[in-house]
Amino acid sequence: AGGFGAMYSLAGFREPVLVASTDGVGSKLKLAVAVKRYRTIGEDLVNACVNDVIVSGAKPLFFLDYIAVGALDAPVVEEILEGIARACVEAECALVGGETAQMPGLYAEGEFDVAGFVVGAVEKSEIVDGSTVVEGDVLLGIPSSGLHTNGYSLARDILGLDDDPSSLLEYYPEVDGTLGDALLAPHRPYYQMVRPITTLVKAMAHITGG
């Protein structure tokens, strides 16, 4: 029912609390455009959002995307959507809808922007909020896969990529691939890792930015 409103039947919870998050992939988009590789951008979008809600103990329920372009390039959008779909499967999250908006004159040729929106749910009694953390508790850190979707403005500046993006295609043995491979590594998903222990932990943090 309705043309643009997605519906979701919430079940399996006694006293559900909804947890929502929205995010983009920032200036990592500029690197994807520079090397014309978009397969990880969709994964980045989903994982950045999902990782923000699971730290509250929430199970991801559904996801929506928003893609804004100057002129529609169907293969590029399709590649992004394939990544979104893959990541939603990994997060056991329904992809309930999205919007692709063409806005000529607002974006230069080849440029675009993406945003994602996720809603999850957690039992009120099982919210992970850090309120019971005490001195002596064990702290565990899960390594990231790289910069995720943060810090790319600084990385581009340090590496001089805006002036000379050709180094993105150079092979570096330190990263066992090109610089573009390393910088476009997907924002790592953590849902499957933390799901088995969610009810056992006192606090979680998705470390990004800063």
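Above this note sits the structure.
What counts and how
Residues numbered from 1 in each chain as written. Predicted model: local features only at pLDDT ≥ 70, side-chain atom pairs only at ≥ 80, totals over all residues. Heavy atoms only, no water. Helix = DSSP H or I, 4+ residues; strand = E, 2+ residues; numbered from the N terminus. Rg over C-alpha atoms; globule rule 2.2 N^0.38 Å. Buried < 20%, exposed > 50% of the residue type's maximum accessible area, 1.4 Å probe, protein only. Contact = heavy atoms within 4.5 Å. Areas by Shrake-Rupley, 256 points an atom, 1.4 Å probe, with all protein chains shown as cover. Lys, Arg positive; Asp, Glu negative; His and termini not counted. Charge placed at Lys NZ, Arg CZ, Asp CG, Glu CD. Core = buried A, V, L, I, M, F, W, Y, C linked by side-chain atoms within 4.5 Å. Salt bridge = Lys/Arg side-chain N within 4 Å of Asp/Glu carboxyl O. Pairing = 2+ DSSP bridges. Axes fitted to C-alpha atoms, helices over the stretch in contact; angles between N-to-C directions. Expected span 1.5 Å × (residues − 1).

Caption draft 1: Expanded view of the overall build of the protein. When its secondary structure is counted, the protein shows six helices and six strands. For the protein, the sequential pattern of α-helices and β-strands runs β-α-α-β-α-β-β-α-β-β-α-α. Expected size for 210 residues packed as a compact globule is a radius of gyration near 17 Å; at 19 Å, the protein falls within 12% of this value. Across its three principal axes, the protein shows a C-alpha extent of roughly 50 × 50 × 25 Å. In the protein, which comprises 210 residues, the share counted as buried stands at 37%. Taking all contacts inside the protein whose residues are at least 6 apart in sequence as the whole, residues at least 24 apart take part in 84%. Only carbon and sulfur atoms are counted for the fraction: they give 56% of the accessible area of the protein, which is about 11,900 Å². For the protein, the centre of its 13 positive side-chain charges and the centre of its 29 negative side-chain charges are spaced 6 Å apart.

Caption draft 2: Here's a closer look at the nonpolar core. Judged by nonpolar contacts, the single largest core of 39 residues is most densely connected at Phe63, Ile80, Phe112 and Val114. For this core, the elements supplying multiple residues, two or more each, are α1 (28-35), α2 (39-54), β2 (59-69), α3 (74-90), β4 (112-123), α5 (179-183) and α6 (191-194). No other element matches the seven residues that α2 contributes to this core. Apart from the residues within four sequence positions on either side, Ile80 is in contact with Tyr38, Gly42, Ile67, Phe112 and Val114.

Caption draft 3: How the structure looks around the side chain of Asp44. Residue placement: Asp44 occurs in helix α2. Assessed through its relative accessible area of 0%, Asp44 is described here as buried. Leaving out residues up to four positions away in the same chain, Asp44 has contacts with Val25, Lys28, Thr149, Ala185, Pro186 and His187.

Caption draft 4: Main features of the pattern of salt bridges. Inspection of every chain in the model, using the stated rule, returns seven salt bridges. For Glu43, the salt bridge is made with Arg86, and the minimal N-O distance between the two is 2.8 Å. Taken together, the residues Glu43 in helix α2 and Arg86 in helix α3 connect sequence positions 43 residues apart. Note on Glu43: relative accessible area 17%, which makes it buried. Classification of Arg86 by relative accessible area gives partly exposed; the value is 41%. Across the salt bridge formed by Asp162 and Arg156, the nearest N and O atoms sit 3.0 Å from each other.

Caption draft 5: Representation of the environment of Leu31 within the structure. Locating Leu31 in the fold gives a position in helix α1. Since its relative accessible area comes to 4%, Leu31 is described here as buried. For the pair Leu31 and Ala85, spaced 54 residues apart in sequence, the C-alpha separation works out to 22 Å. Leu31 has contacts with Tyr152, Arg156, Leu161, Leu168, Leu183 and Leu184, leaving out every residue within four places of it along the chain.

Caption draft 6: Highlighting the sheet that holds β2. Within the open sheet, the four strands sit side by side as β1-β4-β2-β3. Their pairing is mixed. In this open sheet, the two strands that pair with only one neighbour each are β1 (16-24) and β3 (94-102). Within this sheet the neighbouring strands show an average axis-to-axis angle of 15°, counted without direction. Pairing geometry for β2 and β3, over eight bridges, is parallel. Considered in β3, the bridge of Ala68 is made with Ala101. Packing against the sheet, α2 makes contact with β1, β2 and β4, and its axis sits at approximately 145° to β1. The sheet strands contacting α3 are β2, β3 and β4, and the helix crosses β2 at an angle near 170°.

Caption draft 7: Structural context of α2. Here α2 is 16 residues long and its end C-alpha atoms lie 24 Å apart, about the 22 Å a rise of 1.5 Å per residue gives. Judged by how many residues are buried, α2 sits mostly within the fold: 14 of 16 residues are covered.

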